[in-house]
Amino acid sequence: MSKRTISMLAKELSVNVETIRFYERKGLIKQPPKPMQGYRHYPKETVNRIHFIKRSQELGFTLNEIEGLLALNDSPCSKVQELANKKLIAVQKKMADLLLLEHALEEHLGQCRHNDGDHPEFCVTAV
């Protein structure tokens, strides 16, 4: 068993101690039992689990979705695939929406460049 206290764990993972406590309250990680004397010690599995949580957040998963992913640990791959596929579709939709916004902004800026600077009302278009 490792001798990682909560503060050592937080430092190792570059997270706040309160983040670890929050994950414990949400049930994303297990709080180790408190010995009669001394501090709780966190195993390597907790380090791996928090790495997974943080990486999943970086990829755009919400904590509720991550909770679902962690619950799928013992589920068939098809369930994990289904969740990942839904997320992929949502990401692709966001990208398409951002592309439309980008084109609208470029068009707007192009119109502003060609209009007389003394007449800002000619630069207003629907974005």
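Look up: the structure comes first, before these words.
Residues numbered from 1 in each chain as written. Predicted model: local features only at pLDDT ≥ 70, side-chain atom pairs only at ≥ 80, totals over all residues. Heavy atoms only, no water.

1. Re a nonpolar patch on the surface
Put simply, the rule reads: Patch definition: residues with relative accessible area over 30% and no salt bridge; like charges joined within 9 Å; nonpolar side chains (Val, Leu, Ile, Met, Phe, Trp, Tyr) joined within 5 Å. The protein chains shown are the only cover counted for residues, whose accessible areas, like all others here, come from Shrake-Rupley with a 1.4 Å probe. We define a salt bridge as a side-chain nitrogen of Lys or Arg found within 4 Å of a carboxyl oxygen belonging to Asp or Glu. Helix and strand assignments follow DSSP, with helices taken as H or I runs no shorter than four residues and strands as E runs no shorter than two, numbered in order from the N terminus.
Together, Leu98, Leu101 and Leu105 line one region of the surface with nonpolar side chains, adding up to about 270 Å² of accessible area. Residue placement: leucine 98 occurs in helix H5 (residues 77–114).

2. Some words on the pattern of salt bridges
Selection rule: When accessible area is computed with a 1.4 Å probe and restricted to protein chains, residues below 20% of their type maximum are described as buried, those above 50% as exposed, and intermediate ones as partly exposed.
Evaluation of the coordinates by the stated rule reveals 6 salt bridges. Here glutamate 18 ties to arginine 21 by a salt bridge, and the two come within 2.9 Å at their closest N and O atoms. Here glutamate 18 pairs with arginine 21, and both are found in helix H2 (residues 17–26), just 3 residues apart, close to one helical turn. On the accessibility criterion, arginine 21 (35% relative accessible area) is partly exposed. Across the pair glutamate 82 and lysine 86 runs a salt bridge whose closest N-O atoms are separated by 3.7 Å. Of this pair, glutamate 82 and lysine 86 both sit in helix H5, 4 residues apart, roughly one helical turn. According to the relative accessible area criterion, glutamate 82 is partly exposed, its value standing at 46%. Classification of lysine 86 as exposed rests on a relative accessible area of 53%.

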